[in-house]
Amino acid sequence: MADDLFDLRIACMGAGYVGGPTMAVIAENCPRIRVCVLDLNATQIAAWNSSTLPIYEPGLQNVVESCRGKNLFFSTDIDKEVERADIIFISVNTPTKMTGIGAGRAANIKNCELCARKIAEVSNSDKIVVEKSTVPVRTADAVRRVLACNEKGLNFQVLSNPEFLAEGTAIEDLERPSRVLIGGMETPAGQAAIQKLVSVYANWVPKESIITTNLWSSELSKLVANAFLAQRVSSINSISALCEKSGANVKEISKAIGSDPRIGSKFLQSSVGFGGSCFQKDILNLVYLCESYGLSEVAEYWNQVITMNEYQKRRFSEKIVGSMMNTVTGKKIAVFGFAFKKDTGDTRETASAFVCRDLMEEQAIIHVYDPQVKREQMLIEMDYTLKVNTTTNPKLDSLLVTSPSAYEAAAGSHAIAVLTEWDEFKTLDYERLYKSMEKPAFIFDGRNILDHDAIRKVGFEVYAIGQPSNN
């Protein structure tokens, strides 16, 4: 279809976990809208244009292939595509600052500012600019100020449209969202921009599921949503520690309290700890915002969610060492799963990395199997988040091994640690695994997904989060 036959042209700056899937679903549902995903990384764009996409999400491949080359495009020609677009989404990384003011807590919005400067530089017509990245409240003010400095007399409207995707179900979340949130300025031009974006989503999202707010409510809602979800995980994980001491079963407690409709059952599955790119980053950002506004008690409250998550990961590592005669030195331990959750290849802030680091510090030999994570990606995460590399740990290549299957990872090992809830781990032949391992053979279920009674009958000593040992 020729460019002038499209009703609207959308560009997205950033071809990552949010930008790629979001734009693909917009293109799928809006055949008369031209959508182009942009990135400086030529390798990333080449992957989006290939049969091997740069990220794994169930259903994503089919959506991309149904639209690519028709009304969905991936390009590195940022100037050209930004100039021709009517609506520009900013969907770039906003990592936690590592140095300077707010280091370790504040979000670095440098990439958002750079996008705004590029938009102002190359645009020759008025545009709507949409924040899709998770940003601190009032980031839109900074973006607006940069855009307003253009010397061409152009008018830009800035909207906030945060994503509420769960990795592993991103396509489903985009196809049938619980809500779409759009925030804008409370001016006639701001409200008109909001309605323009509403009209895009209304092609497949019911109007009652599209919520409109002011800019600041929209920006803050994203941080608060992730904070509340992470709070539930840390809350049930705190109870799991009490369960292990008292003889209660955290799964039974989760069922009991989740049956209360005021509480609900979601995010009450105790585990080794939450990971992913959002929860920790967004809570730390929220903590910093509260501190910046002098709300120290509020900041301390939300920081405790992070403290509990760190405690849970450390506690699990200590449980492994303590259960194995207080030493894992020289022992092979099979780690099942490195992604931070099932049905994704994302390893950012994964609890598995923290446990692997702890066990390597005890001189254990770790053999990792994950159906979606390649060794290169695993090592990048170990280095980026934990500063574990061949410089800081010269024995890394011999202490951290990747295996092509769960069975090869477990062969000759002293223990199995289940750290990602991949479905395939539930259906493995545990008798075969047990026979291939050193004795006594241990299983540490960090996701509470296995049939513990059945594998105990095989001969395993089983330890699970928040449950009596019964060995």
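Keep in mind that what you see is a predicted model, and the values were worked out from it rather than measured.

> Run through the packing of aromatic side chains, naming residues and quoting values.
Under the defined criterion, the tally for this structure stands at 13 aromatic pairs. Consider the rings of Phe442 and Tyr463, whose centres lie 6.5 Å apart with planes at 25°: the pair is stacked. A residue pair is termed long-range when its members are at least 10 positions apart, and Phe442 in strand 13 (residues 442-445) and Tyr463 in strand 14 (residues 461-464) qualify at 21 residues. Residue Phe442 shares its accessibility class with Tyr463, and that shared class is buried. Members of the aromatic cluster, joined through ring pairs, are Phe228, Tyr301 and Trp302. The residue whose ring lies beneath Arg432 is Tyr407, and the NZ or CZ to ring-centre distance is 3.7 Å.

> How would you sum up helix 6 (residues 139-148)? Please name residues and give values.
Buried within helix 6 we find Thr139, Ala140, Val143, Val146 and Leu147. Within helix 6, the buried residues cover an arc of 125° as seen down the axis, which keeps them to one side. Projecting away from the buried face of helix 6 at angles above 90 degrees are the exposed residues Arg145 and Ala148. Here the buried face of helix 6 lies against helix 5 (110-122), strand 5 (127-131), strand 6 (156-160) and helix 9 (215-246).

> Give me the lowdown on the pairing of strand 5, citing residues and values where you can.
Most of strand 5 sits inside the fold, with 5 of its 5 residues counted as buried. Both faces of strand 5 are covered, namely the face carrying Lys127, Val129 and Glu131 and the face carrying Ile128 and Val130. Pairing between strand 4 (residues 87-90) and strand 5: 4 bridges, direction parallel. By the bridge assignment for strand 5, Ile90 is matched with Glu131. For the segment spanning strand 4, helix 5 and strand 5, crossover handedness is right-handed. Looking at chain direction, strand 5 and strand 6 are connected through 5 bridges and run parallel. Note on strand 6: the bridge partner recorded for Glu131 is Ser160. With helix 6 bridging strand 5 and the parallel strand 6, this β-α-β connection has right-handed handedness.

> Any details on the pairing of strand 14? Residues and values, ideally.
Pairing of strand 13 with strand 14 involves 4 bridges; the strand directions are parallel. Its bridge partner lying in strand 14, Phe442 is registered against Glu461.

> Give a description of the packing of helix 5 against helix 6 that names residues and reports values.
Running from amino to carboxyl end, helix 5 crosses helix 6 at an angle of 25°, the nearest separation of the two axes being 8 Å. Accordingly, the angle class assigned to the pair helix 5 and helix 6 is roughly parallel. The hand of the helix 5/helix 6 crossing is right-handed. Every residue of helix 6 that contacts helix 5 at Glu113, Ala116, Arg117, Ile119 and Ala120 is listed here: Val143, Val146 and Leu147. By residue class, the composition of the contact of helix 5 with helix 6 is 6 nonpolar, no polar and 2 charged.

Conventions we followed
Residues numbered from 1 in each chain as written. Predicted model: local features only at pLDDT ≥ 70, side-chain atom pairs only at ≥ 80, totals over all residues. Heavy atoms only, no water. Phe/Tyr/Trp six-rings, centres within 6.5 Å; stacked < 30°, edge-to-face > 60°. Helix = DSSP H or I, 4+ residues; strand = E, 2+ residues; numbered from the N terminus. Buried < 20%, exposed > 50% of the residue type's maximum accessible area, 1.4 Å probe, protein only. Lys NZ or Arg CZ within 6 Å of the ring centre and 35° of its normal. Arc of directions from axis to C-beta. Contact = heavy atoms within 4.5 Å. Pairing = 2+ DSSP bridges. Right-handed = clockwise from strand over helix to strand, strands pointing away. Axes fitted to C-alpha atoms, helices over the stretch in contact; angles between N-to-C directions. Parallel < 35°, antiparallel > 145°, perpendicular 65-115°, else oblique. Left-handed = near helix turned anticlockwise from the far one by under 90°. Nonpolar A, V, L, I, M, F, W, Y, C, P; charged D, E, K, R; others polar.

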